[in-house]
Every structure is written in structure tokens, then in C-alpha cells.
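Residues per chain are reported as follows:
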Amino acid sequence: YKKAISLNPPKDVMARLYRGLALSQQRQMDFAGAVETWEAYAKASPEDPFVLEEAGDALLEAGRYEDANKMFGRLRSMKDIDPARALNASLRQAEVQRLQGNKDEALKIYDSALTEAGEASWLQREVRSRIERLFLSDDDLPGLAGYYRKQLTAKPGDLDAALRLSDILGELSRGDESLKVLQDAAAKAPDRKDVQ
């Protein structure tokens, strides 16, 4: 792989060579070498979102959190990037923060991603799921309930947040509060059968 890369082949071949070299280094447990290869690959293809994404994931897997965060930041800031890919880069940055123990920073990124995702999209459901995992990893149901209360204060019409809050309050054995939240949501959405 290294010899083939040194021959400066066409760009599409170069991509396969870098990827193959990095993966073979990972299989041989040469994680430092693999990280160097992914970084060289990203440097050689600074405008290729696939490369930045793969390099960021490899750096994250190797525990190089700051480098992974930078790589995802570069991906996010690319011009003409697909909005879904930009959102995914944000989610990966939040994951980096979570792994470093920066729960508040991760939550801030997730909140921003939630706004970007748009209402009633599968992306919004994915972001909410990650937010919930962030709280549940600490077994913090009361904190998650508090988070959804804040969300409802900021956006009283967020029915999905209301439904999630109702479920969480139910899990906390606070049935009366859960029912009240559900009744409020039902009053705001008489046409939504799932809420009714």
C-alpha cells in the first residue's frame, strides 16, 4: 500500500489505497500508524466529506478526541455540504464531548442539532434518542424530565417533547403529573390520534 501511494496514482485509486492501508494497520493493531494514515488521507483530500468522516471516526475510535473533534468540525464547516451530513458531523462532535465527560457541552450541541433537524423528521427522533441516552447513561431520569420541561417551556407546542415527558414521569411513578402533561398535549392537538 505504501509503495503504491508513493507512486501518486489517480485520485480514485489513491482513496482505495489509503483506506486499505489504514484498515490493514488497524487489523495489525498498529493504531498509531492507522491514525497517521487517516490523517494523511484527510490532508490529501481536504474537500472530500467521505474522507473527513472516515478519518474522524478512526480518530474517535483511537481515542484521539481532540483530533476527531477537529476533523468533524472541518466536515461540518465545508461549503456546499449536504445538510444531513453536516448534522451528522454535529452529532459526532457531541459524541466526542460525551466520551470526554463534557455532558453539558454535548447537550448544547444536541440542542442545536435538534433545531436544525426540523420538526417531525427522523433526524429529530435520532437526536432526541441520543439526548435520552446521554441522561440514561447516568441513570438520570429526573434530569431528563427536567430537560423536557425546559424544552416545553421554550416551545410549548412541542408535542413529541410532551409525550416523552409524560412517559418519563410515568417511569418515575409520578402518574398524576404524567397524566396532566398528556392532557395538555391532547388539548393542543385534537387532530393527532396518537396523542388522543
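Up top is the structure these notes are about.
Conventions we followed
- Residues numbered from 1 in each chain as written.
- Predicted model: local features only at pLDDT ≥ 70, side-chain atom pairs only at ≥ 80, totals over all residues.
- Heavy atoms only, no water.
- Helix = DSSP H or I, 4+ residues; strand = E, 2+ residues; numbered from the N terminus.
- Expected span 1.5 Å × (residues − 1).
- Buried < 20%, exposed > 50% of the residue type's maximum accessible area, 1.4 Å probe, protein only.
- Contact = heavy atoms within 4.5 Å.
- Phe/Tyr/Trp six-rings, centres within 6.5 Å; stacked < 30°, edge-to-face > 60°.
- Lys NZ or Arg CZ within 6 Å of the ring centre and 35° of its normal.
- Axes fitted to C-alpha atoms, helices over the stretch in contact; angles between N-to-C directions.
- Parallel < 35°, antiparallel > 145°, perpendicular 65-115°, else oblique.
- Left-handed = near helix turned anticlockwise from the far one by under 90°.
- Nonpolar A, V, L, I, M, F, W, Y, C, P; charged D, E, K, R; others polar.

Draft legend 1. Local environment of helix H3 (residues 31-44). Along its 14 residues, H3 runs 20 Å from first to last C-alpha, staying within 8% of the 20 Å computed at 1.5 Å per residue. When we look at burial in H3, the residues that qualify are Gly-33, Ala-34, Val-35, Thr-37, Trp-38, Tyr-41 and Ala-42. Next to the buried residues of H3 lie helix H2 (11-27), helix H4 (49-61) and helix H5 (65-76).

Draft legend 2. Representation of the packing of aromatic side chains within the structure. Enumeration over the complete set of coordinates arrives at 4 aromatic pairs. Aromatic side chains Trp-38 and Tyr-41 sit 5.8 Å apart centroid to centroid with 35° between the ring planes, which places their arrangement in the tilted category. Note that Trp-38 and Tyr-41 are positioned in helix H3 at a spacing of 3 residues, about one turn of the helix. Given a relative accessible area of 3%, Trp-38 falls into the buried group. Seen in terms of ring centroids, Phe-135 and Tyr-147 are 5.8 Å apart; in terms of plane orientation they differ by 40°. Their pairing is tilted. Placement of the pair is Phe-135 in helix H8 (residues 122-136) and Tyr-147 in helix H9 (residues 141-154), with a sequence separation of 12 residues. Taken together through their ring pairs, the aromatic side chains of Tyr-18, Trp-38 and Tyr-41 make up a single cluster. We note Arg-85 situated over the ring of Phe-50; from NZ or CZ to the ring centre the distance is 4.3 Å.

Draft legend 3. Highlighting unusual backbone geometry. For Met-29, which is not a glycine, the phi torsion comes out positive at approximately 65°. Checked against the element boundaries, Met-29 lands in the loop between H2 and H3. The class of Met-29 is exposed, set by a relative accessible area of 59%. Look at Asp-80: it is not a glycine, yet its phi comes out positive at around 60°. Residue placement: Asp-80 occurs in the loop between H5 and helix H6 (83-99). By relative accessible area, which is 79% here, Asp-80 ends up exposed.

Draft legend 4. Molecular detail of the environment of Asp-104. Relative to the assigned elements, Asp-104 resides in helix H7 (residues 103-117). Using a relative accessible area of 63% as the deciding quantity, one classes Asp-104 as exposed. For Asp-104 and Ala-94, which are 10 residues apart along the polypeptide, the C-alpha to C-alpha distance reads 9.8 Å.

Draft legend 5. Inspection of the packing of H9 against helix H10 (residues 159-171) at higher detail. Where H9 meets H10, the axes come as close as 9 Å, and the angle between the chain directions of the two elements is 150°. By the angle between their directions, the pair H9 and H10 is classed as roughly antiparallel. At the point where H9 passes H10, the crossing takes the left-handed sense. Of the residues in H10, those touching H9 at Leu-141, Leu-144, Ala-145, Tyr-148, Arg-149, Gln-151 and Leu-152 are Ala-161, Ala-162, Arg-164, Leu-165, Ile-168, Leu-169 and Glu-171. Considering only residue class, the contact of H9 with H10 consists of 10 nonpolar, 1 polar and 3 charged.

Read these as spatial facts, not as claims about activity.
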